[in-house]
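# Structure assessment
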Amino acid sequence: MSAHAGDTRGPPRVGSPASAALSDEERSRYARHLVLPQVGVPGQLALKRSKVLIVGMGGLGAPAALYLAAAGVGTIGLADFDEVAASNLQRQVLYGTSDLGVAKLTAASRRLHDLNPSIRFVPQDGELSEANALDVLRGYDVVVDGTDNFPARYLVNDACAALGIPDVFGSIFRFEGQASVFDARTGPCYRCLFPEPPPADAVPSCEAGGVLGALPGLIGLIQATETLKILLGLGSTLVGRLLLYDALEMRFRELQVRKDPECARCGSPERLRAPLTRTGEACELPGSRVPEVAPPTLQRELTGPTPPLLVDVREPGEFAYNRIPGALLVPMGEIDRRLAEISRAPDVVVYCHHGIRSATAARHLLDLGLPKVRSLKGGIDAWSAEVDASVPTY
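Every value quoted in this text rests on a predicted model; they were computed, and no experiment measured them.

### Side note on the sheet that holds strand β1 (residues 51–55)
- In space, the eight strands of this open sheet follow the order β3-β2-β1-β4-β5-β6-β7-β8, with mixed pairing throughout. Each end of this open sheet is capped by a strand with a single partner; those strands are β3 (120–125) and β8 (251–256). Recorded for the sheet is a direction-independent mean angle of 15° between the axes of neighbouring strands.
- As paired elements, β1 and strand β4 (residues 142–145) share four bridges and run parallel to each other. Across the sheet, the residue bridging to Val 55 is Asp 145, located in β4.
- Helix α4 (residues 61–71) rests against β1, β2 (75–80), β3 and β4 of the sheet, and its axis sits at about 165° to β1.
- On top of the sheet, helix α5 (residues 104–115) reaches β2 and β3; it is set at about 155° to β2, its chief contact.

Next comes the structure, spelled out in structure tokens:
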């Protein structure tokens, strides 16, 4: 098979041990691949020898893992450190109700092994960091980026660039998705497109901005498709192109992405060899930036003689789904306009979903001169867990 424009395979790597031939069971399982002239037995054996790492087993990683396992990728690494929650099941179709509370790596390995028991699954528990990323990614042919925050996304990009591994990128938010392939050997990396992340408090995707359940399935399958094309050396990949999808309009658009000769990561051999560093803030703001109040403490204060004013800074759709009784809804974008309503109280407690937006709001209100403003630690999720279980979570 000849490589086409956009091929990102590069020189062959050592994959997992595999037989020189397909078994009868494999020939039956992959029959629809074997009749494709562009795949056939040589291509299926190439998939069997391949190693793919999926970083993040959430909305994007779940569908990508299902289809890569079904396709016969011989070794699939799974990197995650989260547990299955009820709110995952709306889009992360790899998991079921019986998996609630189970580590995603355990639940994913079990489901994927049932789908294709001949695949070797390598769980990678714990958070990816600048100290371990190169060791975790080394030896894989392709990395599928299923992360949902900027520090992890930049870390995956930088490690892939340093190791010469294609980074199959995807992201989702509400009704929109993006996908690309970043490969510093033949094209741009993620930093060529976005040199630096936006401020943490300006990015709603770290909090519960919401997402249409089917959207990550589509973007995750695009990532799986690009991965298979890379491993098989087929077609033109998304290297140098950013695919944009609008679900409400059912429309795809495409942007050209050029390699930046001044890129902080792939602009020179010396930058490629530079140590990995943390880029951007995690999807939480340090609690020390603003005063916080724990849910049980707030409960006592709300029933006391001088209760604080409780301000919910989420969006109206979230407020309609669940709320703490007595809260005043003031979405983040309306704080300045409605400052008079908030400043009438000498003591203010703001809350959101997990305590991220409320930390930003509290900092802003303190900067505006309000004497006492605190953020509810852990947000309404923590309130539900520690105070009132009748408040639903999402």
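What follows continues from the structure just given.
### Some details on unusual backbone geometry
- Backbone geometry places Arg 174, a non-glycine residue, at a positive phi of 60°.
- If you check the backbone angles, Met 250 has positive phi at about 50° while not being a glycine.
- Structurally, Met 250 can be placed in the loop between β7 (241–246) and β8.
- The exposure class assigned to Met 250 is exposed, which follows from its relative accessible area of 57%.

### Remarks on the packing of α4 against helix α9 (residues 215–232)
- One can describe the packing of α4 onto α9 by two numbers: an axis separation of 7 Å at closest approach and a directional angle of 40°. Considering only the axes of α4 and α9, their crossing is right-handed. Two secondary-structure elements touch here, α4 through Pro 63, Ala 64, Tyr 67, Leu 68 and Ala 71 and α9 through Pro 216, Gly 217, Gly 220, Leu 221, Ala 224, Thr 227 and Leu 228.
- Residues belonging to the contact of α4 with α9 are distributed by class as follows: nine nonpolar, three polar and no charged.

Definitions and limits used
Residues numbered from 1 in each chain as written. Predicted model: local features only at pLDDT ≥ 70, side-chain atom pairs only at ≥ 80, totals over all residues. Heavy atoms only, no water. Pairing = 2+ DSSP bridges. Helix = DSSP H or I, 4+ residues; strand = E, 2+ residues; numbered from the N terminus. Axes fitted to C-alpha atoms, helices over the stretch in contact; angles between N-to-C directions. Contact = heavy atoms within 4.5 Å. Buried < 20%, exposed > 50% of the residue type's maximum accessible area, 1.4 Å probe, protein only. Left-handed = near helix turned anticlockwise from the far one by under 90°. Nonpolar A, V, L, I, M, F, W, Y, C, P; charged D, E, K, R; others polar.

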